[in-house]
Amino acid sequence: MLLNMNQMLAVAQAKHFAVGAYNVSESNLFRTVVEAAEENDSPAIIAVHPTELEYCKDEFVQYMVDRIGNSPVPFVLHMDHGDSIESIMRAVHDGFSSVMLDGSLLPFEENIEKTAEVVRYCHMIDVSVEGELGTIGTTGVTIEGGMTEVKYTDPDDARVFVEKTGVDTLAVAIGTCHGLYPKGVTPKLRMDVLQGIKDAVDIPLVLHGGSGNPDAEVVEAVGIGIQKVNISSDYKSAFFTKAREILAQPNSGWDPNNLFPECIEAGKQVIMHKMKLFGSIGKAALYRESGVRQWRAGLE
């Protein structure tokens, strides 16, 4: 069942849980996320970064649309960190039901202007739009990038940004980083900042850089009002750590059907753990019971 982000997160917001957004760029990672969602009857968001789309190609997106569109579990297909109008339009053309314009490094007014432009185009065809305010940190090993110094989202700026752009969801900066944290480094999320943002705006809030954060902090953030948590490095690390173990064994071979099943299972275990933290396991039934209609690019 393919939904847009409004359809997905309206239920999450009403029922006080979050939905994980998992970056994919090829069939085994995609299979890992989809199977984890179906086995746990959990809604999930398939996220694709522009560089991932460049790698997997538009034809692969058509396969993803068909696969999740025929699933009994609700999914969103989301362009993650869209970096230009062109990348957004490519995603819309391919069948993404949700997009993000990352204008977080732009001056405040320019971020508003460009995000509002994307909202104007995408809302014509019922595609949801995520904006970002403040800057996410980086550990230096991810495609998403980020800044060395985190700039926390200002609640007053968030209120103005949401009012002037009309975004459906807002990615906020409260102390996370993209990528896995170095050994001995434990992130500390600013729950006071998150609470201030939640008090200032009423749209669903998004936590980027969700890998590697302490479980208790993730649960607390969801309790305050995070409805979408981006996960990439955590489950991919488990997948490829298992791949390296298998490939290091003598006579491990080279056939994907021998190499990847254990890797998929390792990734699924991480995703299932995240789903428990988010409170999304078993929540797919809520969408079926509510009779939410599959997203059709605003053409019906």
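Being a predicted model, the structure only gives us computed values, none of them experimental. (Residues numbered from 1 in each chain as written. Predicted model: local features only at pLDDT ≥ 70, side-chain atom pairs only at ≥ 80, totals over all residues. Heavy atoms only, no water.)

### Examining the overall build of the protein
The condition that has to hold: Put simply, DSSP marks the helices as runs of H or I at least four residues long and the strands as runs of E at least two long, and each gets a number from the N terminus on. Summary of the burial criterion: residues with accessible area below 20% of their type's maximum are buried, those above 50% are exposed, and those between are partly exposed, where the area comes from a 1.4 Å probe applied to protein chains only. Every residue pair with non-hydrogen atoms within 4.5 Å of one another is taken to be in contact. Only the protein chains shown count as cover for residues, with accessible areas throughout obtained via the Shrake-Rupley method and a probe of 1.4 Å.
Within the protein one finds 12 helices and 11 strands. Classification of the 300 residues of the protein by burial places 55% in the buried group. Within the protein, counting contacts between residues at least 6 apart in sequence, those at least 24 apart form 75% of the total. Of the roughly 12800 Å² of accessible surface on the protein, 53% is carried by carbon and sulfur atoms.

### Thoughts on the pattern of salt bridges
What counts, and what does not: One side-chain nitrogen of Lys or Arg within 4 Å of one carboxyl oxygen of Asp or Glu is enough to make a salt bridge.
Here the structure, examined in full by the defined rule, presents 15 salt bridges. With a closest N to O distance of 2.9 Å, D41 and R288 form a salt bridge. Here the residue D41 occupies a position in the loop between helix 2 (27-39) and strand 3 (44-48), and R288 occupies one in helix 12 (residues 284-290), the gap between them amounting to 247 residues. With relative accessibility at 22%, the residue D41 sits in the partly exposed group.

### Here we look at the pairing of strand 2 (residues 19-23)
As a general feature of sheets, a regular strand has side chains that alternate between the two faces. This is how it is decided: Two strands are said to pair when DSSP picks up at least two bridges between them.
In terms of residue burial, strand 2 counts as a mostly covered element, since 5 of its 5 residues are buried. Covered by surrounding structure in strand 2 are V19, A21 and N23 together with G20 and Y22, the residues of both alternating faces. In the sheet, strand 2 pairs with strand 11 (residues 226-231) via 4 bridges, with the strands oriented parallel. Along strand 11, the bridge assignment pairs V19 with K228. Relative to strand 3, strand 2 runs parallel, the two being bridged by 3 bridges. Its bridge partner being in strand 3, A21 is matched across the sheet by I45.

### Focus on the UniProt feature "active site" (unreviewed entry) in the protein
Where we set the bar: UniProt positions are given in the numbering used here, feature names are shortened, and annotations may be inferred rather than shown by experiment. Pairing of N or O atoms within 3.5 Å defines a polar contact, subject to two protein rules: one partner must be a possible hydrogen donor and the other a possible acceptor, and residues neighboring in sequence count only if both atoms are side-chain atoms.
What UniProt calls "active site" (unreviewed entry) maps, in this numbering, to D80. If you trace the backbone, D80 turns up in strand 4 (residues 75-82). Under the relative-accessibility criterion, D80 is labelled buried at 1%. Within the structure, D80 has its side chain in polar contact with the side chain of N23 (distance 3.3 Å).

### Some thoughts on the side chain of Q227
Mapping Q227 onto the fold places it in strand 11. Among the residues examined, Q227 registers a relative accessible area of 2% and is labelled buried. If we ignore the near neighbours within four places in the chain, the residues touching Q227 are L9, A12, Q13, F17, A18, V19, K198, P204 and L205.

### A short note on the UniProt feature "binding site: Zn(2+) 2" (unreviewed entry) in the protein
Mapped onto this numbering, the UniProt entry gives "binding site: Zn(2+) 2" (unreviewed entry) at D102 and E132. Over a stretch of 31 residues, the named residues converge on one spot in the fold, their C-alpha atoms separated by at most 5.7 Å. Positionally, D102 belongs in the loop between strand 5 (98-101) and helix 5 (108-123). Among the residues examined, D102 registers a relative accessible area of 25% and is labelled partly exposed.

### Re the side chain of D168
Test applied: Residues scored as positive are Lys and Arg, those scored as negative are Asp and Glu, and His as well as the terminal groups of each chain are ignored.
Topologically, D168 is positioned in the loop between helix 6 (155-165) and strand 8 (169-172). One buried charged residue, D168, remains without a salt bridge, the closest side chain of opposite sign being K228 at 12 Å. A polar atom in the side chain of D168 sits 3.1 Å from the side chain of N6. Here the side chain of D168 touches V129 through a polar contact of 2.8 Å, landing on its backbone nitrogen. When neighbours within four sequence positions are excluded, D168 is seen to be in contact with N6, H123, V127, S128, V129, I203 and P204.

### A closer look at the packing of helix 2 against helix 9 (residues 233-247)
What counts is decided by this rule: The convention used is that axes are lines fitted to C-alpha atoms, helices contributing only their stretch in contact, and that angles between N-to-C directions extend from 0 to 180 degrees. Comment on the angle field: the value is read as roughly parallel under 35 degrees, roughly antiparallel over 145, roughly perpendicular from 65 to 115, and oblique elsewhere. Each crossing is labelled by how the near helix is turned from the far one, with a counterclockwise turn of less than a right angle marking it left-handed and a clockwise turn marking it right-handed. We call Asp, Glu, Lys and Arg charged. Ala, Val, Leu, Ile, Met, Phe, Trp, Tyr, Cys and Pro are nonpolar, and the rest, Gly among them, are polar.
Across the interface, helix 2 lies against helix 9 with an axial gap of 12 Å and an inter-helix angle of 120°. Taken together, the axes of helix 2 and helix 9 lie oblique to each other. Handedness of the crossing formed by helix 2 with helix 9: right-handed. Contacts from N28, L29, T32 and V33 of helix 2 reach helix 9 at Y235, K236, F239 and F240. Of the residues contributing to the contact of helix 2 with helix 9, the split by class is 5 nonpolar, 2 polar and 1 charged.

### Points about the pairing of strand 8
The side-chain alternation of strand 8 yields two buried faces, one formed by T169 and A171 and the other by L170 and V172. One ladder, built from 3 bridges, connects strand 8 with strand 10 (residues 205-207); its direction is parallel. In the sheet register, L170 faces strand 10, and the bridge partner there is L205.

### A word on a nonpolar patch on the surface
To be explicit about the condition: Patch definition: residues above 30% relative accessible area lacking any salt bridge, with like charges linked at up to 9 Å and the nonpolar side chains Val, Leu, Ile, Met, Phe, Trp and Tyr linked at up to 5 Å.
On the surface, a nonpolar cluster with roughly 300 Å² of combined accessible area is contributed by M89, Y121 and M124. Within the secondary structure, Y121 sits in helix 5.

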